[in-house]
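# Architecture at a glance
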Amino acid sequence: QNGNYYALFSKPRYESLRAIGIPELLRSDLQATCLAVKAQAFQAPVRQFLADAIEPPSSKAVDASVTNLQALEALTENEELTPLGRLLARLPIHPSLGKMVVLGVIFRCLDPMLLLGAASEEKSLFLSPINARQEAQELHKNYVEGTDSDHIAFINAFREIRELHEERGQNAAYSYCRQNFLHFGSFKTIDATARQIEEILVESGLIPNTPWSQREHGELGDPDLNRNSGNVGVVKALALAGLRPNLAINPGGRFFRTRDERVIQIHPSSFNHVKDRKRTAEPETAASLRRDALFTFTSLNKAADGQRLLMRDTTLLTPLMAVLFGGKLKQSNASPYVLEMDGWLPFYLRGSESPSRLAKTVLEFRKAFDRVLTSAFQSLSRLRYNDKGFLSDVPARENFAQGVVDVLSKDITRQLVAPQRTPWRVVGRDDRRNDRGGGYDGGRVADRWRPSDRPDPYQTNDWRFPLGR
């Protein structure tokens with residue numbers, strides 16, 4: 001409202017205040033801006049073009065954004081748009097999110113990719129109250145299901161809430177969140193964002209407009225686009241592709257290294273974090289201490305002490321996932337049976353064939369894989385509203401993509417499950433179901449999980465990513 005504002009400042013603080021707010025160009029991620037500049041066919045380098053702004057961003061920020069776009073394969077080394085870059089420029093969402101979603105369309109794993117993309121800028125779905133932190137962590141570990149993945153844990157928890165919300169209403173979903181230390185407000189925000197992204201994809205002609213009556217179990221997108229949404233290997237591999245170049249390896253011990261950082265750790269909020277050596281025997285936590293363990297992560301942040309670098313939201317990968325969906329591969333000059341990724345990460349080949357033949361086979365397959373993806377990106381970038389879309393694509397390309405899915409399924413020990421869950425209920429020491437409200441009341445937080453004793457007409461297989469035991 002109108003009036004006078006009085007405040008007490010020191011003179012240095014007063015002199016540091018800006019007359020106007022910080023321009024968006026100086027406080028936002030520049031990847032989308034850089035992509036938009038190249039999409040308008042400006043010939044000048046991105047750094048030179050943005051330097052002409054009234055308040056230009058720093059050259060380091062511009063260079064970092066261009067480097068990230070090149071890692072996503074949206075720009076070439078000469079800052080030219082690739083077929084994927086032209087496709088991402090059409091979508092009003094972050095480029096890394098765009099690539100993740102586009103790959104979700106190609107590999108028929110759309111719903112998990114939409115959820116991961118929508119959650120990237122939102123508050124965590126998992127609550128950790130000070131007075132019940134240990135209890136909350138024990139409950140939340142149920143969602144990991146032995147996959148060593150924070151991303152899959154989030155997908156499992158979100159789907160639990162969504163299924164309950166669809167079947168029994170908001171009150172039941174809210175009660176479930178309270179009893180399991182889940183953030184219901186975060187769920188609603190992520191759900192709304194994911195639906196908005198789906199609408200953008202429909203308007204862009206990338207996916208068909210599927211009526212809710214034809215969808216399965218509340219999943220976003222056409223059922224055929226979610227054929228592999230319960231495949232652990234596919235979800236992990238596509239998450240890596242969207243999060244590139246966020247790849248880390250454990251050289252031995254409790255620390256990791258990346259292409260640019262040599263000493264980083266897993267954030268304590270991650271399910272893959274190990275507090276002490278006594279816990280290393282637990283299957284959910286031992287993976288992060290294995291020598292040569294590969295992880296992708298959402299972000300890298302400084303710890304509160306300003307000294308350590310911590311990985312947030314981590315997912316364990318297999319070497320095959322990294323080779324197929326990671327950075328650029330080339331044969332090492334030091335050894336014929338070693339492939340190097342992005343000039344820093346070596347992969348050692350073993351097999352019955354000669355090392356040079358094995359390396360050639362892997363490299364040729366990767367080249368063919370990249371050509372198939374480039375062709376798919378070109379097809380998608382040419383789509384317009386009311387086109388038949390990707391569902392009527394070239395059979396050979398569809399067969400190749402399905403072949404990659406089959407390889408990933410065999411590569412990981414925890415494999416396919418159907419995309420529908422057995423109805424689960426919270427089991428407490430004093431569990432009294434409120435049939436009038438469709439929710440749960442009374443009792444303590446769940447002691448364990450078990451299928452509901454009440455038969456359900458919609459019951460099929462468990463869609464959750466399996467523990468594999």
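Given the structure is predicted, the values throughout are model-derived calculations rather than measurements.

Cut-offs used in this document
- Once a new chain begins, its residue numbering starts again from 1 and follows that chain's sequence as written.
- The predicted nature of this model means local features are confined to residues of pLDDT at least 70 and side-chain atom pairs, given and counted, to a pLDDT of 80 or more, with totals for whole chains, interfaces and linings taken over all residues.
- To get the side-chain values, all heavy atoms of the structure are used, and hydrogens and water are removed first.
- Angular values range over 0 to 180 degrees, each being the angle between N-to-C directions of two axes fitted as lines to C-alpha atoms, with helices fitted over their stretch in contact.
- Strands are runs of DSSP state E lasting at least 2 residues, helices are runs of H or I lasting at least 4, and numbering of each runs from the N terminus.
- Each angle receives one of four descriptions, namely roughly parallel if under 35 degrees, roughly antiparallel if over 145, roughly perpendicular if within 65 to 115, and oblique otherwise.
- Here is the rule for handedness: rotate from the far helix to the near one, and if that takes an anticlockwise turn smaller than a right angle the crossing is left-handed, while a clockwise turn gives right-handed.
- In what follows, residue pairs with any heavy atoms lying within 4.5 Å of each other are defined as contacts.
- Side-chain classes are defined by residue name, with Ala, Val, Leu, Ile, Met, Phe, Trp, Tyr, Cys and Pro counting as nonpolar, Asp, Glu, Lys and Arg as charged, and the others, Gly among them, as polar.
- Classification of ring pairs rests on two measures: the distance between centres of Phe, Tyr or Trp rings, Trp counted by its six-membered ring, which must be within 6.5 Å, and the angle between planes, read as stacked under 30 degrees, edge-to-face over 60 and tilted in between.
- Relative accessibility under 20% of the residue-type maximum defines a buried residue, over 50% an exposed one, and the middle range a partly exposed one, all with a 1.4 Å probe and only protein chains included.
- Whether a charge sits over a ring depends on NZ of Lys or CZ of Arg being within 6 Å of the ring centre and within 35 degrees of the ring normal.
- Think of it this way: DSSP has to see at least two bridges between two strands before they count as a pair.

## Quick notes on the packing of helix H8 (residues 110–119) against helix H12 (residues 184–203)
- Direction vectors running N to C along H8 and H12 enclose 120 degrees, while the axes themselves pass 8 Å from each other. Classified by the interaxial angle, the pair formed by H8 and H12 is oblique. Here H8 runs over H12; the crossing is right-handed. On H12, the residues touching Leu110, Leu114, Leu115, Ala118 and Ala119 of H8 are Ile190, Thr193, Ala194, Ile197, Glu198 and Leu201.
- Along the lines of polarity and charge, the residues of the contact of H8 with H12 split into nine nonpolar, one polar and one charged.

## Quick word on the packing of aromatic side chains
- Counted by the stated rule, this structure contains 14 aromatic pairs.
- Here the aromatic rings of phenylalanine 154 and phenylalanine 158 are separated by 5.9 Å at their centres, their planes lie at 50 degrees, and the arrangement is tilted. Pair noted here: phenylalanine 154 and phenylalanine 158 are both in helix H10 (residues 150–168), with a separation of four residues, about one helical turn. For the pair phenylalanine 154 and phenylalanine 158, one class covers both residues: buried.
- In textbook terms, an aromatic cluster arises when at least three aromatic residues are bridged by ring pairs, as seen for Phe107, Phe325, Phe365, Phe369 and Phe400.
- The ring of tryptophan 212 has arginine 215 lying over it, and the distance from NZ or CZ to the ring centre is 4.1 Å.

## Digging into the environment of phenylalanine 107
- Mapped onto the elements of the fold, phenylalanine 107 is located in the loop between helix H7 (95–106) and H8.
- Not counting the four nearest positions on each side in its chain, phenylalanine 107 is found in contact with Asn228, Val234, Leu238, Phe325, Phe369, Leu373, Ala401, Val404 and Val405.

## Side note on the sheet that holds strand S3 (residues 294–302)
- The strand order across the open sheet formed by four strands is S1-S3-S4-S2, and the pairing between neighbours is mixed. Here the strands that pair on one side only, and so sit at the sheet edges, are strand S1 (247–249) and strand S2 (265–266).
- Against the sheet, H10 touches S3 and strand S4 (309–317), its axis set at about 75 degrees to S4.

Any functional reading would require information beyond the geometric quantities listed.
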